[in-house]
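Here is how the chains run, residue by residue.
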Amino acid sequence: KRSSWVPFSKTEVEELHALAESKGDSQLADLIEIAAYTGARIEEICSLKTEFINLDEMFFQITDAKTTAGNRLVPLHSKLIKTISRLIDNSTNSYVFSELTENKYGDRSNAIGKRFGHLKKNLGHSRQHVFHSIRKTFTTELERAGVAENVAADIVGHEKQTMTYGLYSGGASIEQKRKAVESIKFKFQSTKRN
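Residues numbered from 1 in each chain as written. Predicted model: local features only at pLDDT ≥ 70, side-chain atom pairs only at ≥ 80, totals over all residues. Heavy atoms only, no water.

(A) Local environment of the layout of surface pockets. Approximately 410 Å³ is the volume found for the largest pocket. Secondary-structure elements contributing two or more residues to the lining of the largest pocket are helix H3 (42-46) and strand E2 (59-62). When residues of the lining of the largest pocket are assigned to their parent elements, the largest contribution, three residues, is made by H3. A breakdown of the residues in the lining of the largest pocket according to their chemical character gives six nonpolar, five polar and eight charged. (1 Å grid on protein atoms, 1.4 Å probe; cavity = no way out; pocket = protein on both sides within 12 Å on 5 of 7 lines; lining within 4 Å. Points joined across faces, edges and corners; volume = space filled by probe spheres on them. Helix = DSSP H or I, 4+ residues; strand = E, 2+ residues; numbered from the N terminus. Nonpolar A, V, L, I, M, F, W, Y, C, P; charged D, E, K, R; others polar.)

Here you go:
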């Protein structure tokens, strides 16, 4: 039986970002940074269109997720504004990551996901560490910051299992989610691109 994927530590995510930068793979570094501050899945980020980002109100919308709960508003961490703004300004089509192409299944994350696989191997990470592990890091950091599970679920797009919040509630407000997201801190090296 295959073991479950495991989260990276915060330091490991920072090391992955730094290695991508040092190798000149700014696209992969941007992807890691966005995942670390949003908890979004790799394909959600790679297929994100510029029209679904609201820089004035600092959130983006995921509209084509795997589940109903996955369709959500995700606050943009204040540390992401420069990166997202640059990606939008440099986009040559409707996508935030405009240079990615679809594979035969319509996925835009395949090639960059493979580059991430090589990157994490260079740092000696096991097969239990995958790009999705960054999503687990994000969720771990929310829990360690004392964020209520229902708010965390609304940010990452998980179904809530309780009757009260899962069936009856309209969900956490964008302000509640923003406060939660802002509790997460990473020390990513600054780049000249921002």
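(B) Just unusual backbone geometry, in detail. Phi at Met58 takes a positive value of approximately 60°, unusual for a residue other than glycine. The topology assignment puts Met58 in the loop between strand E1 (53-54) and E2.

(C) Quick look at the pattern of salt bridges. Within this structure, the stated rule accounts for six salt bridges. Residues Arg41 and Glu44 are paired through a salt bridge, measuring 2.9 Å at the closest nitrogen-oxygen approach. Residue class for Arg41 comes out buried when judged on its relative accessible area of 13%. With its nearest N and O atoms 3.0 Å apart, the salt bridge here joins Asp154 to Lys160. A single burial state applies to Asp154 and to Lys160, both of which are buried. Linked through salt bridges whose partners overlap, the residues forming this network are Arg41, Glu44 and Arg72. (Salt bridge = Lys/Arg side-chain N within 4 Å of Asp/Glu carboxyl O. Buried < 20%, exposed > 50% of the residue type's maximum accessible area, 1.4 Å probe, protein only.)

(D) Quick look at the environment of Leu48. Inspection of the secondary structure puts Leu48 in the loop between H3 and E1. We classify Leu48 as buried; its relative accessible area is 8%. On a C-alpha basis, the gap between Leu48 and Phe97 in space is 7.6 Å, while along the polypeptide they are 49 residues apart. Setting aside residues no more than four positions away along its own chain, Leu48 makes contact with Ile53, Phe60, Gln61, Ser94, Tyr95 and Val96. (Contact = heavy atoms within 4.5 Å.)

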